[in-house]
Amino acid sequence: MTKKIILDCDPGHDDAVAIMLAASSKEIDILGITCVGGNSGLNNTVNNALKVCTLIERTDIKVYSGANKPIHYELFTAEYVHGKTGLDKKGDPIIVDTNYKPQEKHAIDFIVETCKSSTEKIYLCPTGPLTNIALSLKKDPSIKENIKEIVFMGGAAMCLGNTTPSAEFNIYVDPHAANIVLESGIPLTMMGLDVTHQVNVNSKIIKSMNENKNKSSKFFGELMEFYTIFHKELYETEETPLHDPCVIAYLLDPSIFSGKEVNVRVEENSELTRGETVVDWLGVTKRPVNCFVMNEANDEKFFQLLKAKLSLLP
Ligand code: BDR
Ligand code: CA
C-alpha cells in the first residue's frame, strides 16, 4: 500500500536527496513538503525545495513554509556545511518557474489540516529541526490519532555528535521541539548518526550514480561534490554520511536498518550538552520505551535502492 507522507525538511544537500528518493517512489505519496529554518534560513530552505522539485520535474508537489526559528532558541544554521544558499553546488543554477511558488497556507496549518482530514494514517518524515512537527502537535494534539509514525533524522545514540561533541545538528537546533515529539506517544523511529554514518557517499558512489545518465543523477553528483568538502575535512576520510535519505529508505525498505525500542530524552538547556539525545539503550532508567532507535544500516542495499530510484527520475 502507498504510504502517505509529509516530508518536513530544511534543504540542505541530503534533504534534497531525500526529496528525490521519495518523489521517485510509487510506494510513497508526498502530500506536501513543509520547510523549516535549519541548515539555512527559512527563505532559502523553501526556495531550495522548489529548486529540487523543479529539477526533477515535480512542480505538482506543493511546498509550504513553516517555522523560521526554533521554539526557544535563536536559529543556528549550517552554512559551513551547505553553503550560503543552503544548497550550494557546482554546475548550472536551477531556475524556478515564477508560477511555482510556496503555498499561502502555513506549514503548521497544512500539517494539522492534512492529518485531521486524511482518511488514512499519515507518516511524518522530518529531516530538519523538529519545530514544525512539535508546533503542529501543540496546536492540535488530536492529530496524533491520525499519525501512523514519525520517522525522523536526528540524534546520536552511541556515537559523537556532529554539531557539539554530544549533539547532532537537528536536535541541537531545537531540543525543546525534539522533547515534545519524544513525549507525544506517537510511534517514533529515530534515524540518527549511528546509522547515517554507515551510509557514506564517496567518489565511487558518485560515479556509480552517474551511470544512470539522467539529469537527476547528475544533480546528485553536483550536490555531493559540494557536500563532501566539509565532511572530508572534519572526519579526515573520503566518506561522507548521507543522513536524510535514510528516513525515506526506511519507509521503502525497513530491512536495510535495524535497531531497538528504547527511551530517548533530550537535554534542553545545558551549555555543555544541549541537544544531546539521552538514549537508554540498556534500560537502566526504567523509563518507558518511546522510540525505535536504529543502529545498523546495510549501505550496499541502501545505495542499490537509491541508484534504482534515481534512474526513474528525469
Ligand atoms: C542533519 O543536519 C543537517 O545538516 C542535515 O541536513 C541532516 O538533516 C545531520 O546532522
Ligand atoms: Ca536536513
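Everything quoted here is computed from the prediction, not taken from an experiment.

> So what about the packing of aromatic side chains? Which residues, and what values?
In total, this model carries seven aromatic pairs according to the counting rule given. Note on F302 and F303: the rings are 4.9 Å apart at their centroids and 85 degrees apart in plane angle, and the pair reads as edge-to-face. F303 shares its class with F302; the two are buried. Every member of this aromatic cluster is reached through a ring pair, and the members are F76, Y80, F169, Y172 and F230. Just above the ring of Y73 sits the side chain of R274; from NZ or CZ to the centre is 3.7 Å. The side chain of R274 reaches across the aromatic face of Y172, ending 4.0 Å from its centre.

> How would you explain the pattern of salt bridges if you had to name every residue and give the values?
Across all of its chains, the model carries 11 salt bridges by this definition. Its salt-bridge partner being K215, residue E57 comes within 2.7 Å of it at the nearest N-O pair. Of the two residues, E57 is situated in the loop between α2 (42-55) and β3 (63-65) and K215 in helix α10 (residues 215-235); the sequence distance between them amounts to 158 residues. Looking at K215, the relative accessible area reads 37%, which means it is partly exposed. Linking E222 and K89 is a salt bridge whose minimum nitrogen-to-oxygen distance equals 2.8 Å. On the criterion of sequence distance, the pair formed by E222 in helix α10 and K89 in the loop between α3 (79-82) and α4 (107-117) is long-range, its members being 133 residues apart.

> So what about the sheet that holds strand β2 (residues 28-35)? Which residues, and what values?
Taken together, the nine strands give an open sheet; going across it, the order is β3-β2-β1-β4-β5-β6-β11-β9-β10, and neighbouring strands pair in mixed fashion. Edge positions in the open sheet fall to β3 and β10 (277-280), since each of these has one partner strand only. Neighbouring strand axes in the sheet, compared pairwise and without regard to direction, differ in orientation by 30 degrees on average. Strand direction decides the pairing type here: strand β9 (residues 257-266) and β10, joined by four bridges, are antiparallel. Along β10, the bridge assignment pairs V266 with T277. Together, β2 and β3 form the strand contacts of α2, whose direction differs from that of β2 by roughly 150 degrees. Taken strand by strand, helix α7 (residues 175-182) contacts β5 (147-153), β6 (188-191), β9 and β11 (291-297), and its axis lies near 115 degrees from that of β9.

> Run through the site of ligand 1, naming residues and quoting values.
Within the structure, ligand 1 sits among D14, D15, N39, H82, T127, M153, N162, E168, F169, N170, H243 and D244. With respect to ligand 1, the side chain of H82 contributes an N or O atom lying 3.0 Å from an oxygen atom. Residue N162 places a side-chain N or O atom 2.8 Å away from an oxygen atom belonging to ligand 1. Alone, ligand 1 offers 280 Å² of accessible surface; in the complex the protein occludes 96% of this.

> Residue-level account of the coordination of the calcium ion (ligand 2), with values.
The protein atoms that coordinate the calcium ion (ligand 2) are D10 (OD), D15 (OD), D15 (OD), T127 (O) and D244 (OD), at distances spanning 2.2 to 2.6 Å. Sequence positions of the residues that donate to the calcium ion (ligand 2) give the spacing D-x4-D-x111-T-x116-D. Within this pair, whereas D15 is found in helix α1 (residues 13-23), its partner T127 is found in the loop between β4 (122-126) and α5 (131-139), the two being separated by 112 residues in sequence.

> Now, about the nonpolar core: what can you tell me, with residues and values included?
I33, F220, L242 and F257 are the most contacted members of the largest nonpolar core, which totals 69 residues. The element contributing the most residues to this core is α1, with eight residues. With residues near it in sequence (within four places) discarded, F257 still touches M191, V195, C246, A249, Y250, M294, E296, A297 and F302. With 33 residues, the next largest nonpolar core counts I6, L137, V181 and W281 among its residues.

> I'd like to hear about α5, residue by residue, with values.
Where α5 is concerned, the buried positions are T131, N132, I133, A134, S136 and L137. Elements that come into contact with the buried residues of α5 comprise β1 (3-9), β2, α4, β4, β5 and α7.

About the criteria used
Residues numbered from 1 in each chain as written. Chains lettered and ligands numbered in written order. Predicted model: local features only at pLDDT ≥ 70, side-chain atom pairs only at ≥ 80, totals over all residues. Heavy atoms only, no water. Phe/Tyr/Trp six-rings, centres within 6.5 Å; stacked < 30°, edge-to-face > 60°. Buried < 20%, exposed > 50% of the residue type's maximum accessible area, 1.4 Å probe, protein only. Lys NZ or Arg CZ within 6 Å of the ring centre and 35° of its normal. Salt bridge = Lys/Arg side-chain N within 4 Å of Asp/Glu carboxyl O. Helix = DSSP H or I, 4+ residues; strand = E, 2+ residues; numbered from the N terminus. Pairing = 2+ DSSP bridges. Axes fitted to C-alpha atoms, helices over the stretch in contact; angles between N-to-C directions. Contact = heavy atoms within 4.5 Å. Near = heavy atom within 4 Å. Polar contact = N/O pair within 3.5 Å; in protein donor to acceptor, adjacent residues only side chain to side chain. Areas by Shrake-Rupley, 256 points an atom, 1.4 Å probe, with all protein chains shown as cover. Donors = N, O, S within 2.8 Å, 3.2 Å for Na, K, Ca; no water. Core = buried A, V, L, I, M, F, W, Y, C linked by side-chain atoms within 4.5 Å.

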